Amino acid sequence: MQIPKDVRIVEVGPRDGLQNEKQTITTSTKIKLIEMLTDSGLRYIEAGSFVNPKWVPQMADSAKVFSGISRKTDVTYAALVPNLQGYERAVSVNADEVAIFAAASEAFSQKNINCSIAESIQRFETLISAAKENNIPVRGYISCVAGCPYSGNVDPKLVAKIARDLFTMGCYEISLGDTIGVGTANQIKTIIFEVAQEISIDKIAIHAHDTYGQALANVYASLEMGVQVFDSSVAGLGGCPYAAGASGNLATEDLVYLLNGLGIEHGVDLEKLIQAGNYISHQLGKANQSKVAQAFNNKCK
Ligand code: HMG
Ligand code: MG
């Protein structure tokens, strides 16, 4: 199969990137980050989450973030929501889309959302019918597709079954999350192959974490399978509070550099993106985790 000519990037930095940070990040910093990201050309931003703030305190101000951003009309500002309560909070501040999250591991589902996989699917049914009534698109995540921090191996056929269930219920796209970044290229291809038996390839996105340094290799493997949507996080920020050892997401800068080299369209200005990554890294007092940003910053010294 020929690799795609263009891809859509789902920027998850303001949500997945920041949710695990223990230090205070002001609402205005989050808003400025989102605005810098959209200025770089990104057209889909997961701007926050509406989960129980006791579980993820860093996202407690997501309503203020959504209300404070200067919106561009051609940008989708999405919110991660675990249940109807989260959905209603997101809609009350005009989130354009919501994303729900299931897991392909019972142990992870219990730790992350305090219920079994089957119970989570039931919860999502109520949420999705409310979203259908309001014409709010719903994206679906499946976590731990390549391995679980608590129970180890995950069966790709189970991933495919959950993808089919979420898609049948009304999710327009299923993002396959390698939450702890353990997957390798052929394994990711097998997972995509199995999921593509149930839903078409243009409904599949890949959400890679870079814990074992495999994210870009996995993106390339996914491109070879025909995947056209990739989640990534500026400056390689990220991690899930309920997945011990999970490090940052695939850095958006690294993804963009790879796509540039392959001549694949994505609509993002790499230099502006690096500035956004440098901004948030500086605010966090951390080095920018993107290799591409590091190389660029060193060259500009
Ligand atoms: P629970 O404790 O079972 O919920 O948590 P509950 O329904 O029993 O309610 C308990 C309390 O929570 C009540 O308040 C509710 O009002 C409140 P109280 O009466 O005790 O004062 N509550 C809420 N408050 C605000 N917003 C809400 C909400 N829901 C309930 N939406 C729940 C269940 C799902 C809420 C909890 O487990 C939770 O919030 N989990 C979220 C964990 C999380 O955010 N994890 C990180 C995101 S997932 C991720 O990063 C993976 C991903 O990136 C893909 C990948 O990498 O694989 C997406
Ligand atoms: Mg994630």
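Here, every reference points to the structure presented above.
Definitions and cut-offs
Residues take numbers from 1 onward in each chain, read along the sequence in its written order. All chains are assigned letters beginning with A, and all ligands numbers beginning with 1, in the order in which they are written. Whole-chain, interface and lining totals are the exception, using all residues; otherwise, since this is a predicted model, local features are given only for residues with pLDDT of at least 70 and side-chain atom pairs are given and counted only at 80 or more. Side-chain descriptors were evaluated using all non-hydrogen atoms of the structure, hydrogens and water having been removed beforehand. Here a donor is any nitrogen, oxygen or sulfur atom (N, O, S) within 2.8 Å of the metal, with 3.2 Å used for Na, K and Ca; water is not among the atoms considered, so some sites may look incomplete. Strands are runs of DSSP state E lasting at least 2 residues, helices are runs of H or I lasting at least 4, and numbering of each runs from the N terminus. Only protein chains enter the accessibility calculation, which uses a 1.4 Å probe; a residue whose area is less than 20% of its type maximum is buried, one above 50% is exposed, and one in between is partly exposed. Both cavities and pockets are sets of points on a 1 Å grid over the protein atoms alone; in a cavity a 1.4 Å probe fits but cannot get out, in a pocket the set is open with protein on both sides within 12 Å along at least five of seven lines, and lining residues sit with an atom within 4 Å of a point. Grid points are joined across faces, edges and corners, and a volume is the space filled by probe spheres set on the points. Throughout this entry, Asp, Glu, Lys and Arg are counted as charged residues, while Ala, Val, Leu, Ile, Met, Phe, Trp, Tyr, Cys and Pro are counted as nonpolar. The remaining residues, Gly among them, count as polar. Every axis in this analysis is a line fitted to C-alpha atoms, fitted for helices over the stretch in contact. Angles between the N-to-C directions lie between 0 and 180 degrees. Working definition: roughly parallel below 35 degrees, roughly antiparallel above 145 degrees, roughly perpendicular at 65 to 115 degrees, and oblique for all remaining angles. The handedness criterion is simple: a crossing whose near helix is rotated anticlockwise from the far helix by less than a right angle is left-handed, and one whose near helix is rotated clockwise is right-handed. By definition, residues are in contact when any of their heavy atoms lie within 4.5 Å. Salt bridges are defined by distance alone: a side-chain nitrogen of Lys or Arg within 4 Å of a carboxyl oxygen of Asp or Glu. Throughout, near means a residue has at least one heavy atom within 4 Å of the molecule or strand. Under this definition, polar contacts are N or O atom pairs within 3.5 Å; protein pairs additionally need one hydrogen-donor-capable and one acceptor-capable atom, and for neighbouring residues in sequence, both atoms have to be side-chain atoms. Computed by Shrake-Rupley with a 1.4 Å probe, the accessible areas treat only the displayed protein chains as cover when residues are assessed. A molecule is counted as occupying a cavity or pocket when more than half of its atoms fall within 2 Å of that pocket's grid points. Nonpolar cores are built from buried Ala, Val, Leu, Ile, Met, Phe, Trp, Tyr and Cys residues. Side-chain atoms within 4.5 Å join them into one set. Ring geometry is summarised as follows: Phe, Tyr and Trp rings, the Trp one being its six-membered ring, pair when their centres sit within 6.5 Å, and such pairs are stacked at plane angles under 30 degrees, edge-to-face over 60 and tilted between the two. Note on criteria: charge over ring means Lys NZ or Arg CZ within 6 Å of the ring centre, with the direction from the centre no more than 35 degrees off the ring normal.

Caption draft 1: Fine view of the coordination of the magnesium ion (ligand 2). At the metal site, the magnesium ion (ligand 2) is ligated by Asp-16 (OD), His-207 (NE2) and His-209 (NE2), and these contacts range over 2.0 to 2.3 Å. Along the chain, the residues that donate to the magnesium ion (ligand 2) are spaced as D-x190-H-x1-H. Residue Asp-16 is found in helix α1 (residues 13-17), and its partner His-209 is found in the loop between β7 (204-208) and α9 (215-225); the two are separated by 193 residues along the sequence. Accessibility classification places Asp-16 together with His-209 in one group, the buried group.

Caption draft 2: Expanded view of the layout of surface pockets. Of the voids in this model, the largest pocket is the one considered here, and its volume is about 520 Å³. For the lining of the largest pocket, the secondary-structure elements that each account for two or more residues are α1, α4 (84-92), α5 (106-113) and β5 (138-143). A per-class count over the lining of the largest pocket returns 15 nonpolar, 13 polar and four charged. Residues of the lining of the second largest pocket, tallied by class, amount to four nonpolar, six polar and three charged.

Caption draft 3: Representation of the packing of α9 against helix α10 (residues 252-262) in the model. Relative orientation of the contacting elements α9 and α10 amounts to 45 degrees, with a least axis distance of 11 Å. If you check the angle between α9 and α10, you find them oblique. Where α9 crosses over α10, the two elements pack in a sense that is right-handed. Where α9 abuts α10, its residues Leu-216, Val-219, Tyr-220 and Leu-223 lie against Asp-254, Leu-255, Leu-258, Leu-259 and Leu-262. Considered class by class, the residues forming the contact of α9 with α10 number eight nonpolar, no polar and one charged.

Caption draft 4: Quick peek at the pattern of salt bridges. What the rule picks out here adds up to 15 salt bridges. With its nearest N and O atoms 2.5 Å apart, the salt bridge here joins Arg-15 to Glu-46. Here the residue Arg-15 occupies a position in helix α1, and Glu-46 occupies one in strand β2 (residues 44-49), the gap between them amounting to 31 residues. Taking the relative accessible area as the measure of exposure, Arg-15 reaches 5% and is therefore buried. Here Glu-194 makes a salt bridge to Lys-157, at a shortest N to O gap of 3.2 Å. Taken together, the residues span a long stretch of sequence, with Glu-194 in helix α8 (residues 185-196) and Lys-157 in helix α7 (residues 156-169) at a distance of 37 residues. By relative accessible area, which is 52% here, Lys-157 ends up exposed.

Caption draft 5: Structural view of unusual backbone geometry. A positive phi angle is found at Asn-114, which is not glycine, with a value near 60 degrees. Unusually for a residue other than glycine, Cys-144 sits at a positive phi of about 65 degrees. On the basis of relative accessible area, Cys-144 is assigned to the buried category, the value being 0%.

Caption draft 6: Up close: the site of ligand 1. Inspection of the region around ligand 1 gives 27 residues, with Gln-19, Asn-52, Arg-89, Ser-143 and Thr-179 positioned closest. Within the contact set of ligand 1, an oxygen atom lies 2.9 Å away from a side-chain nitrogen or oxygen of Arg-15. The contact in question runs from a nitrogen atom of ligand 1 to an N or O atom on the side chain of Asn-112, over 2.9 Å. Within the complex, 76% of the 1100 Å² of free accessible area of ligand 1 lies under protein. Taken atom by atom, the bulk of ligand 1 overlaps the largest pocket. Elements supplying a minimum of two residues to the shell around ligand 1: α1, α4, α5 and β5. When residues of the shell around ligand 1 are assigned to their parent elements, the largest contribution, three residues, is made by α4. Counted by class, the shell around ligand 1 contains eleven nonpolar, twelve polar and four charged residues.

Caption draft 7: The nonpolar core, seen in detail. Membership of the largest hydrophobic core comes to 103 residues, with the highest contact counts inside it found for Ile-100, Ile-142, Val-159, Leu-166, Leu-176, Val-195 and Ile-280. Element by element, the count of residues in this core is highest for helix α11 (residues 270-284), at seven residues. Setting aside residues no more than four positions away along its own chain, Ile-100 makes contact with Val-81, Phe-124, Leu-127, Ile-128, Val-138, Arg-139, Gly-140, Tyr-141, Leu-166 and Cys-171.

Caption draft 8: Summary view of the packing of aromatic side chains. One pass over the structure, following the stated rule, counts two aromatic pairs. Above the face of the Tyr-44 ring, Arg-139 is positioned so that its terminal group lies 5.9 Å from the ring centre. The ring of Tyr-141 has Arg-139 sitting right over it, with the charged end atom 5.5 Å from the ring centre.

Caption draft 9: Examining α10 more closely. Among the residues making up α10, those that are buried are Thr-252, Glu-253, Asp-254, Leu-255, Val-256 and Leu-259. Contact partners of the buried residues in α10: β1 (8-11), α9, β8 (229-232), α11 and α12 (291-299).

Caption draft 10: Focus on the environment of Gln-2. Relative to the helices and strands, Gln-2 resides in the segment before β1. Note: C-alpha distance between Gln-2 and Met-225 (223 residues apart in sequence) is 8.5 Å.

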